[in-house]
Amino acid sequence: MSELTQEQRRSLSLAAWEARSHARVHGPTPVGCAALADDGRIYQGCNVEHRFRSHDIHAETNAISSLVAAGSRKVIAVLIAAERERFTPCGSCMDWVFEIGGDDCWVISERRPGEVNHELHASDLMPFYPH
(Lines give C-alpha, C1' and ligand atoms only; values in the text may rest on other atoms or scores of the structure.)
Protein backbone atom coordinates (compact mmCIF):
# COMPACT_ATOMS: atom_id res chain seq x y z
CA MET A 1 0.00 0.00 0.00
CA SER A 2 1.45 3.31 -1.04
CA GLU A 3 1.27 6.35 1.17
CA LEU A 4 0.07 9.68 -0.18
CA THR A 5 2.34 12.68 0.07
CA GLN A 6 1.15 15.96 1.54
CA GLU A 7 1.44 17.49 -1.93
CA GLN A 8 -0.78 14.77 -3.42
CA ARG A 9 -3.37 15.30 -0.66
CA ARG A 10 -3.30 19.06 -1.20
CA SER A 11 -3.63 18.71 -4.98
CA LEU A 12 -6.50 16.24 -4.60
CA SER A 13 -8.28 18.55 -2.16
CA LEU A 14 -7.97 21.58 -4.42
CA ALA A 15 -9.16 19.61 -7.45
CA ALA A 16 -12.13 18.05 -5.62
CA TRP A 17 -13.37 21.35 -4.20
CA GLU A 18 -12.94 23.04 -7.58
CA ALA A 19 -14.94 20.25 -9.26
CA ARG A 20 -17.63 20.57 -6.58
CA SER A 21 -18.19 24.17 -7.66
CA HIS A 22 -19.44 22.80 -11.00
CA ALA A 23 -21.90 20.28 -9.55
CA ARG A 24 -25.37 20.24 -11.08
CA VAL A 25 -27.73 19.32 -8.27
CA HIS A 26 -31.44 18.95 -7.61
CA GLY A 27 -30.82 17.62 -4.11
CA PRO A 28 -29.16 19.29 -1.14
CA THR A 29 -25.52 18.17 -1.54
CA PRO A 30 -23.11 19.28 -4.25
CA VAL A 31 -20.21 16.82 -4.36
CA GLY A 32 -16.80 17.00 -6.00
CA CYS A 33 -14.22 14.26 -6.39
CA ALA A 34 -10.61 14.07 -7.47
CA ALA A 35 -9.05 10.76 -8.47
CA LEU A 36 -5.29 10.21 -8.45
CA ALA A 37 -4.10 7.80 -11.15
CA ASP A 38 -1.07 5.54 -10.83
CA ASP A 39 0.65 7.71 -13.46
CA GLY A 40 0.36 10.77 -11.18
CA ARG A 41 -2.39 12.55 -13.08
CA ILE A 42 -5.47 13.85 -11.26
CA TYR A 43 -8.97 13.66 -12.70
CA GLN A 44 -12.02 15.56 -11.49
CA GLY A 45 -15.69 14.77 -11.32
CA CYS A 46 -18.79 16.25 -9.76
CA ASN A 47 -22.31 15.04 -9.26
CA VAL A 48 -24.52 15.70 -12.26
CA GLU A 49 -28.10 15.20 -11.17
CA HIS A 50 -31.04 14.66 -13.47
CA ARG A 51 -34.61 15.66 -12.71
CA PHE A 52 -35.47 11.94 -12.98
CA ARG A 53 -33.09 11.10 -10.16
CA SER A 54 -32.42 7.55 -11.40
CA HIS A 55 -30.12 9.10 -14.03
CA ASP A 56 -27.84 10.91 -11.55
CA ILE A 57 -24.08 10.63 -12.06
CA HIS A 58 -22.11 10.59 -8.82
CA ALA A 59 -18.90 12.58 -8.44
CA GLU A 60 -16.75 9.53 -7.70
CA THR A 61 -17.95 7.64 -10.78
CA ASN A 62 -17.56 10.79 -12.87
CA ALA A 63 -13.91 11.23 -11.77
CA ILE A 64 -13.02 7.55 -12.18
CA SER A 65 -14.62 7.32 -15.62
CA SER A 66 -12.70 10.46 -16.67
CA LEU A 67 -9.50 8.75 -15.50
CA VAL A 68 -10.26 5.70 -17.65
CA ALA A 69 -11.37 7.80 -20.65
CA ALA A 70 -8.04 9.66 -20.57
CA GLY A 71 -6.09 6.40 -20.76
CA SER A 72 -5.06 5.90 -17.13
CA ARG A 73 -5.44 2.38 -15.81
CA LYS A 74 -5.59 2.47 -12.01
CA VAL A 75 -6.84 4.84 -9.34
CA ILE A 76 -4.63 5.22 -6.27
CA ALA A 77 -6.87 7.59 -4.29
CA VAL A 78 -10.17 9.41 -4.44
CA LEU A 79 -10.85 12.51 -2.40
CA ILE A 80 -14.49 13.50 -2.03
CA ALA A 81 -15.53 17.08 -1.22
CA ALA A 82 -18.96 17.38 0.38
CA GLU A 83 -20.08 19.81 3.08
CA ARG A 84 -21.47 17.10 5.33
CA GLU A 85 -20.31 15.97 8.74
CA ARG A 86 -20.28 12.33 7.60
CA PHE A 87 -19.92 11.25 3.99
CA THR A 88 -18.84 8.05 2.31
CA PRO A 89 -19.27 6.91 -1.27
CA CYS A 90 -22.41 4.90 -1.98
CA GLY A 91 -22.18 1.20 -2.76
CA SER A 92 -22.25 1.77 -6.51
CA CYS A 93 -19.35 4.23 -6.32
CA MET A 94 -17.45 1.83 -4.08
CA ASP A 95 -17.91 -0.86 -6.73
CA TRP A 96 -15.97 1.41 -9.11
CA VAL A 97 -13.33 2.19 -6.48
CA PHE A 98 -12.73 -1.54 -5.99
CA GLU A 99 -12.88 -2.28 -9.73
CA ILE A 100 -10.38 0.40 -10.85
CA GLY A 101 -8.48 1.00 -7.60
CA GLY A 102 -8.58 -2.21 -5.60
CA ASP A 103 -8.49 -2.90 -1.89
CA ASP A 104 -5.65 -0.47 -1.17
CA CYS A 105 -7.18 2.55 -2.95
CA TRP A 106 -7.35 5.50 -0.58
CA VAL A 107 -10.87 6.87 0.04
CA ILE A 108 -10.71 10.33 1.62
CA SER A 109 -13.63 12.59 2.49
CA GLU A 110 -13.45 16.28 3.42
CA ARG A 111 -16.30 18.33 4.93
CA ARG A 112 -14.43 21.57 4.29
CA PRO A 113 -11.22 22.18 2.32
CA GLY A 114 -8.40 20.47 4.21
CA GLU A 115 -10.73 19.15 6.97
CA VAL A 116 -10.75 15.37 6.66
CA ASN A 117 -13.75 13.27 7.72
CA HIS A 118 -11.93 10.02 7.05
CA GLU A 119 -8.92 8.66 5.20
CA LEU A 120 -9.16 4.91 4.77
CA HIS A 121 -8.26 2.21 2.31
CA ALA A 122 -11.25 0.85 0.42
CA SER A 123 -10.86 -2.49 2.23
CA ASP A 124 -11.03 -0.70 5.61
CA LEU A 125 -14.16 1.19 4.59
CA MET A 126 -15.83 -2.00 3.29
CA PRO A 127 -14.01 -4.94 4.90
CA PHE A 128 -16.49 -7.55 3.65
CA TYR A 129 -16.56 -6.45 0.03
CA PRO A 130 -17.03 -9.55 -2.15
CA HIS A 131 -14.08 -10.52 -4.30
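For the structure itself, consult the block above.
Residues numbered from 1 in each chain as written. Predicted model: local features only at pLDDT ≥ 70, side-chain atom pairs only at ≥ 80, totals over all residues. Heavy atoms only, no water.

Trainee: Hey, could you run me through the side chain of E49 in this one?
Mentor: In this structure, E49 sits in the loop between β2 (42-46) and α2 (59-69). Judged by relative accessible area, which is 8%, E49 ranks as buried. Here the side chain of E49 touches H26 through a polar contact of 2.6 Å, landing on its backbone nitrogen. A distance of 2.8 Å separates a polar side-chain atom of E49 from the backbone nitrogen of G27. With residues up to four places along the chain from it excluded, the contact list for E49 reads R24, V25, H26, G27, T29 and D56. (Helix = DSSP H or I, 4+ residues; strand = E, 2+ residues; numbered from the N terminus. Buried < 20%, exposed > 50% of the residue type's maximum accessible area, 1.4 Å probe, protein only. Polar contact = N/O pair within 3.5 Å; in protein donor to acceptor, adjacent residues only side chain to side chain. Contact = heavy atoms within 4.5 Å.)

Trainee: Would you mind going over the sheet that holds β2 with me for this structure?
Mentor: Picture the strands of a sheet paired through backbone hydrogen bonds; they go either parallel or antiparallel. With respect to topology, five strands assemble into an open sheet ordered β2-β1-β3-β4-β5, the strand pairing being mixed. Unpaired on one side and paired on the other, β2 and β5 (115-121) mark the two borders of the sheet. Geometrically, the sheet is characterised by an average inter-axis angle of 15° between neighbouring strands, direction not taken into account. Relative to the sheet, helix α1 (residues 6-20) contacts β1 (32-37), β2, β3 (75-81), β4 (106-112) and β5, its axis offset from that of β1 by approximately 140°. (Pairing = 2+ DSSP bridges. Axes fitted to C-alpha atoms, helices over the stretch in contact; angles between N-to-C directions.)

That's the geometry; what it means functionally is another story.
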